[in-house]
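What the coordinates show
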Amino acid sequence: MTEASKTTGSLFEFGSKWDYAPAPEARDWVKLQSRYELFIGGKFVAPHSGRYFQTVSPSTEEVLAEVAEADEADVDAAVAAAEEAQRAWVALRPSERAKYMFRLARAVQERSRELAILESLDGGKPIKESRDVDLPLVCAHLFYHAGWADKLDLAFQGRAWRPLGVAGQIIPWNFPLLMAAWKIAPALACGNAVVLKPAETTPLTALHLARICQEIELPPGLVNIVTGAGTTGAALASHARVKKVAFTGSTDVGRKIQSAIAGSGKKLTLELGGKAANVVFGDAALDQAVEGIIGGIFFNQGHVCCAGSRLLVEESVAEELIAKLKDRMRTLRVGDPLDKNTDVGAINSKAQLETIRGLVRSGEEEGAERWSAPCELPGKGFWFSPTIFTGVTNTHRIAREEIFGPVLSVLTFRTAEEAVEKANNTMYGLSAGVWTSKGSKSFWMAQRLRAGVVWANTFNKFDPTAPFGGIKESGFGREGGRHGLNAYVEIEG
Ligand code: NAD
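Residues numbered from 1 in each chain as written. Predicted model: local features only at pLDDT ≥ 70, side-chain atom pairs only at ≥ 80, totals over all residues. Heavy atoms only, no water.

Let's talk about the site of the ligand
What counts here: Nearness is defined per residue: one heavy atom within 4 Å of the molecule or strand is enough. Between N or O atoms, a polar contact is any pair within 3.5 Å; within protein, one atom must be a potential hydrogen donor and the other a potential acceptor, and residues adjacent in sequence are included only when both atoms are from side chains. Shrake-Rupley sampling with a 1.4 Å probe provides the accessible areas, and residues are treated as covered by the protein chains on show and by no other component. Site definitions follow a grid-based scheme: protein atoms alone, a 1 Å grid, a 1.4 Å probe that fits but cannot get out for cavities, and for pockets an open set with protein on both sides within 12 Å along at least five of seven lines, plus lining residues having an atom within 4 Å of a point. Pocket or cavity membership: a molecule qualifies when more than half of its atoms sit within 2 Å of the grid points of that site. Put simply, DSSP H or I for four residues or longer makes a helix, DSSP E for two residues or longer makes a strand, and each gets a number counted from the N terminus. The residue classification treats Ala, Val, Leu, Ile, Met, Phe, Trp, Tyr, Cys and Pro as nonpolar and Asp, Glu, Lys and Arg as charged. All others, Gly included, are polar.
Near the ligand you find 27 residues, and of these Ile171, Glu200, Ser250, Leu272 and Glu402 are the closest. With respect to the ligand, the side chain of Glu402 contributes an N or O atom lying 2.5 Å from an oxygen atom. Against a free-state accessible area of 840 Å², the protein chains account for coverage of 89% of the ligand. Put simply, the ligand lies in the largest pocket. It is helix α10 (residues 230-237) that contributes the most residues to the shell around the ligand, three residues altogether. Among the residues forming the shell around the ligand, the class breakdown is 16 nonpolar, seven polar and four charged.

Brief notes about the sheet that holds strand β1 (residues 35-36)
In plain terms, the rule: Strand pairing requires that DSSP identify at least two bridges connecting the strands.
The three strands are arranged β1-β5-β4 in an open sheet whose pairing can be described as mixed. Where the open sheet ends on each side, the last strands, each with one partner, are β1 and β4 (52-56). As paired strands, β4 and strand β5 (residues 63-68) are joined by five bridges and run antiparallel to one another. Bridge pairing in β5 places Tyr52 opposite Ala68.

Observations regarding empty space enclosed by the protein
To keep things clear, this is the line we draw: Grid points are joined across faces, edges and corners, and a volume is the space filled by probe spheres set on the points.
A full pass over the atoms with the stated rule returns six cavities of 30 Å³ or more. In terms of lining residues, the largest cavity is bounded by 19 residues, among which Ala276, Tyr428, Ser431, Arg450 and Ala451 are the most central. Of all the secondary-structure elements, those providing two or more residues to the lining of the largest cavity are α16 (416-424) and β17 (431-435). Its residues assigned to classes, the lining of the largest cavity comprises ten nonpolar, five polar and four charged. Computed from the structure, the second largest cavity encloses a volume of approximately 70 Å³.

What to know about the sheet that holds strand β18 (residues 453-456)
Strand pairing in a sheet is mediated by backbone hydrogen bonds. Such pairs are either parallel or antiparallel. Cut-off, in case you're wondering: Orientation is described by axes fitted as lines to C-alpha atoms, over the contacting stretch for helices, and by angles from 0 to 180 degrees between their N-to-C directions. Between two residues, a contact is recorded if the distance between any of their heavy atoms is within 4.5 Å.
Read from one edge to the other, the open sheet built from seven strands follows the order β14-β15-β16-β13-β12-β17-β18, with strand pairing classed as mixed. Every interior strand has two partners, whereas the edge strands, β14 (369-372) and β18, have only one. Each neighbouring strand pair of the sheet contributes to a mean axis angle of 20 degrees, computed without reference to strand direction. Of the strands in this sheet, β14, β15 (387-390) and β16 (407-413) are in contact with helix α14 (residues 350-365), which crosses β15 at around 25 degrees.

Re unusual backbone geometry
Phi is positive for Phe404, which is not a glycine, with a value near 55 degrees. The topology assignment puts Phe404 in the loop between α15 (397-400) and β16. Phi angles above zero are rare outside glycine, and Lys472 is one such case at about 50 degrees.

Coordinates in, geometry out; function isn't part of it.
Written out as structure tokens, the structure is:
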């Protein structure tokens, strides 16, 4: 285990780092503005159109703030500011760039409590996840890439390299600040400037990050935040002077972006959807596997691109494992994201709740057997009980489509070959998990599973030193590690 990975947690690995007050007081840690403007050229500016949209708390449906909607003119202004800042940034000595980046990492670390609460408030995820997983990982990514800023000749092994210029970065709502850090940190480390567009349902942490950039006097224009929905994202991706597009989101939108910029010469990375197989062999430590399965699918309400949403279990232990799984699911506490005892928070938006409901209905109609953990769901807000489907076959929609919610589809297998065939029978290829007490079996499986990441006897482990990314329709390009830097430079030879 590396030093960095010790700092990062996985689901249900809770430290009691901060002694959280009950929910109402926890909220007081965050000073919300009633209105948020765009962050362009180091200043908060009103959008040209004068239009604003609301961001709501998915656990209460309360309107948290109004947020500016950027149009093409705003995106153009942000790109112009980024271009100017990038010229000055790249002229700085690498060690000076590193100093700024370390300063940013430290400032975010100092503000972790506020940012974690804000993330849970705006996105619905349990505070113990934003506190113990998201924010530590955000800081780890910022520190890790600050470390690369003056060592790039080493990273690129002496080959001539140059930054690309302005990167347009578009991120989803499931890990808002973490995805912002994954995007911004390598771009700046490699001498680029960025225009980042957060998802429309979770813009607040990126905007507070903008405030931090201002406070630490990061050169104005180096990081620009333009808020809005798909049209803002499309304007950013296809802006003529954006040289690199980094997108994390759904496969559908990834496809649209790819065709919109085809032939433009822009460098592109796509981090898209997934339908990961979590494969449990009969010889696995079953209680440990149960924890891994629970974490694999219920972490962040299942709003996880690499979620272990298909459980493949060896037939001989299927009954025992499913019984243990249901027992463990009965103990999960669903509710207020700001309560430190909550295991499963709110579904991110009404639209996402409808998607989950629709796919769950299809599972029932197609003949799979549904079991939902008995729990009382709050009256207001968007909620879904942790659910498993047994008797699932690969033809069912719930086995093929990304539900992106707390819903697990269980399939069985008899041989390792059958497990591999079923696991790979998907258009996606982002992640997979294997549970077995035999090391040789883990390696045998890892060689055959068609996925960017394969975890053995663990799941959802992230580390900034390890490249992450997909194959097949889960996208291309890597984020993190030395490989992740390649996406932000042009290398000669
Ligand atoms: P989404 O594709 O709907 O939206 C993602 C972002 O793209 C948002 O900011 C959105 O406003 C923007 N957008 C929408 N239409 C656009 C367009 N035409 N052009 C440019 N930008 C546009 O995805 P989502 O619902 O926000 O997120 C969930 C998806 O993200 C899931 O499929 C999940 O698997 C995927 N995801 C992947 C990873 C990964 O690393 N592979 C990580 C997190 C999430």
